[in-house]
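# What the coordinates show
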Protein chains: 4
Amino acid sequence: MVREKGWKGKESRKRLLEAAAEEFALRGFHETKISTIVKQAGLTQPSFYLYFASKEAIFDEIIHDFRSGLGELTASIRLEPGIEPEHLLQRLVQALEMVFSFLVRNPHMTRIGLFLAPQAEQIKEDLTSLLLENLRAEQEAGYFRADVEMATVAECLLGMIERLTVTHLLPGKQTPARLAKQLVDVLMYGMLPRESKAKE
Amino acid sequence: MVREKGWKGKESRKRLLEAAAEEFALRGFHETKISTIVKQAGLTQPSFYLYFASKEAIFDEIIHDFRSGLGELTASIRLEPGIEPEHLLQRLVQALEMVFSFLVRNPHMTRIGLFLAPQAEQIKEDLTSLLLENLRAEQEAGYFRADVEMATVAECLLGMIERLTVTHLLPGKQTPARLAKQLVDVLMYGMLPRESKAKE
Amino acid sequence: MVREKGWKGKESRKRLLEAAAEEFALRGFHETKISTIVKQAGLTQPSFYLYFASKEAIFDEIIHDFRSGLGELTASIRLEPGIEPEHLLQRLVQALEMVFSFLVRNPHMTRIGLFLAPQAEQIKEDLTSLLLENLRAEQEAGYFRADVEMATVAECLLGMIERLTVTHLLPGKQTPARLAKQLVDVLMYGMLPRESKAKE
Amino acid sequence: MVREKGWKGKESRKRLLEAAAEEFALRGFHETKISTIVKQAGLTQPSFYLYFASKEAIFDEIIHDFRSGLGELTASIRLEPGIEPEHLLQRLVQALEMVFSFLVRNPHMTRIGLFLAPQAEQIKEDLTSLLLENLRAEQEAGYFRADVEMATVAECLLGMIERLTVTHLLPGKQTPARLAKQLVDVLMYGMLPRESKAKE
DNA sequence: GATGAATGAGATTTCATTCAT
DNA sequence: TATGAATGAAATCTCATTCAT
């Protein structure tokens, strides 16, 4: 088994990142001790500093990874303009499903990026902006009601995603697909029964 | 100025609680130093231990206060059965407004109880259960669509409350009343324009 | 019930001394907290300093009381010269019994004076000197063997008293009278059976 | 100078144990500060916690070492049955001398184990039981008088050992050999002169 | 004679981080 | 690439003692 030079170091680095993500996600930044991380990675404390400048540094790197992963994802799922109305819902569901899938594939990073990072609020703001942009476009295109404040809706949507992620997705109680469908259903049609809508 | 016995001590205790809540909310549990709390309360470190057994103890007391405040509130706003359909939305708005009002009146405690406490998830679960109970009752009474999974909706509702609290309510960007109205509007009627609903 | 002025203060002082003696005896100097003493005496911390200058002060006073009690006792039981041989043992037993009685009457002080006080060693040295003096006199008078080093015997005697006090006297397993008799018996006649002594 | 791996750490640990034993013996548990121990061992405070979990832990380890040393010793000096009477005293002296030698070789540990440890009383009880067992065997074999309560004698013997250790052995005023001989002499033959015994 | 409230001083312990190898 | 050993800095908490009433 031939391995290039520097292979062992990269392995160690990766093990440290994984161990750190798990610990941070489980316990939070302060509760997580370097000594625990290195133990789980099968290394010693000084080795840690071979790869990361500080505890903050590794934490930041995890957050950075989360952000760029999320960035790539969102870049890839912009709703194209001129979608046909009958496909809109389907596209929305698809997009949401991709987001949920990404989150569930990186549960530790998700917990860190969405709830533990000092930048968590910033990250969510970025997401909200993105959602808002899309929602506004659809609204202007007449797909959505014109009489709702989209800023509020965007926040609501993120809140729903966030909450469902924590309570249903990460614990494995629901699949990304089902969650996406249900979320879109509620958000699009609302809770009132059809007749009562007809009445109005 | 006549003051009853024990007055000064109670004052000090209250000042400590307030200072602590502010610091915890701002910085989190670990970043908050007892030394900062007492300084802000105009006392010295040993005095802190006159009133609280430990840093954990004061943190827990704040959380407890939040929970019981919230408990009292929710107990007082149960939807009465047999409401007339045309009043339901109005009652929902009213209930939500009371919740938002409570949260905005106790911003520090809110941040602690909803996001910083180890029990935060439990607290939210309790809230969700309560919401779920109510929602199910309305659903069975025919006020809501029968084909949505209420467990999911309850989570969504909480997620919306949570998010709007952080981004609009606590920063003072929106009043409880407006938030409640918008939230109910979106949740009840959904995002689709009226015609498109009619179409279906 | 008429009580002279200052009565209440003296009562408080006594209660403090008693509580302190008990705590010191039970837990040692450092483990004993002023807060515990005053609680047991039904007072508050500042009141303590009305009667004693410091924790050391009350400790010292207890030790002082023990020493003077012991001093009075020993002064009163000096063996008179010219005792008749057949009465010697009986007098020894009597003297020892008085010592044991004193100790068992003041169990807390005894524990403090003999084991906890920094001066404990000094107190015991004083006792040893006293014993030694007496023993030497008896030895010179021919009551005791001439070929034993009395300094050693004095230490042995004190060691026996000390140990029997802790293990049998204070726990109430033996009476002063019985202990005194047994101790004298062993010390005077030794352990060997009579014949074997005769043989020599 | 070739030294095996882990050598330095073991050295530090030993230095800490020695420094601690000395300080504890000299000043007692509470008066002994970790800062003093580490200073004497040429280390800093955190290093202490590299080797011992707490101040209690190092204290307990010293006590443990004392107990096991003493245990090994006592296991090795049980009097064999069927000893000839004329050799008994000699064997007793020998056994005692070994005990005294052990104690004087570990003066700090001795002070801690016999006087400072919370378990000191337990340790002495164990020793007393051992003595008692031996004494009873000899008594039943007819080597000792049948009319003395051996439980009392065992306590006396331990008291003598204890006291002589503190006053003569540890300060270096007497050798183990001489102390053992004197102690056995007094304990076996008692204080009365030979004639007076004959008289009886 | 007594107390509610407060504090100065200091001890143990923790943890991220570095040195020397 | 890795580690055994060590440390700087700081935080929590305790307790005897005092102030003001």
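On a predicted model such as this, the values are computed, not experimentally measured, just so you know. (Residues numbered from 1 in each chain as written. Chains lettered and ligands numbered in written order. Predicted model: local features only at pLDDT ≥ 70, side-chain atom pairs only at ≥ 80, totals over all residues. Heavy atoms only, no water.)

### Some points on the domain arrangement of chain A
All names here are of chain A.
- Split by domain assignment, chain A resolves into domain 1 (7–52) and domain 2 (58–199).
- Taking only C-alpha atoms, the centre of domain 1 and the centre of domain 2 are 32 Å apart.
- Taken together, the 12 residues of domain 1 in the interface contact eight residues of domain 2.
- For the domain 1 and domain 2 pair, buried surface summed over both sides reaches about 940 Å², with 81% attributable to carbon and sulfur atoms.
- On the domain 1 side of the interface with domain 2, the three residues burying the most area are Leu17, Phe24 and Ala25, jointly 47% of the side's total.
- Applying the counting rule to domain 1 against domain 2 returns one salt bridge.
- One salt bridge connects arginine 13 with glutamate 61, and the closest N-O pair in it is separated by 2.8 Å. (Domains from an automatic or database assignment. Contact = heavy atoms within 4.5 Å. Buried area = accessible area lost by both parts, 1.4 Å probe. Salt bridge = Lys/Arg side-chain N within 4 Å of Asp/Glu carboxyl O.)

### Quick word on the interface of chain D and chain C
- Facing 40 residues of chain D, the contacting portion of chain C comprises 41 residues.
- Across the chain D/chain C interface, buried area totals approximately 3,900 Å², and carbon plus sulfur atoms make up 59% of it.
- Three residues stand out in chain D for area buried against chain C, namely Arg145, Arg163 and Met191 of chain D, and they jointly supply 22% of the buried area on that side.
- At the junction of chain D with chain C, the criterion picks out 10 salt bridges.
- For the salt bridge of glutamate 155 of chain C with arginine 163 of chain D, the shortest nitrogen-to-oxygen distance reads 3.3 Å.
- Take the side of chain D that touches chain C: its biggest share by element is 14 residues, from helix H8 (residues 150–169) of chain D. (Helix = DSSP H or I, 4+ residues; strand = E, 2+ residues; numbered from the N terminus.)

### Regarding the protein's contact with DNA strand E
- Around DNA strand E sit 35 residues, and of these Gln45 of chain A, Pro46 and Tyr51 of chain B together with Pro46 and Tyr51 of chain C come closest.
- A distance of 3.4 Å is found between a phosphate oxygen of DNA strand E and a backbone nitrogen or oxygen belonging to threonine 32 of chain A.
- At a separation of 2.8 Å, a phosphate oxygen of DNA strand E approaches a polar side-chain atom of tyrosine 49 of chain D.
- Across the surface near DNA strand E, the residue classes break down as 14 nonpolar, 15 polar and six charged. (Near = heavy atom within 4 Å. Polar contact = N/O pair within 3.5 Å; in protein donor to acceptor, adjacent residues only side chain to side chain. Nonpolar A, V, L, I, M, F, W, Y, C, P; charged D, E, K, R; others polar.)

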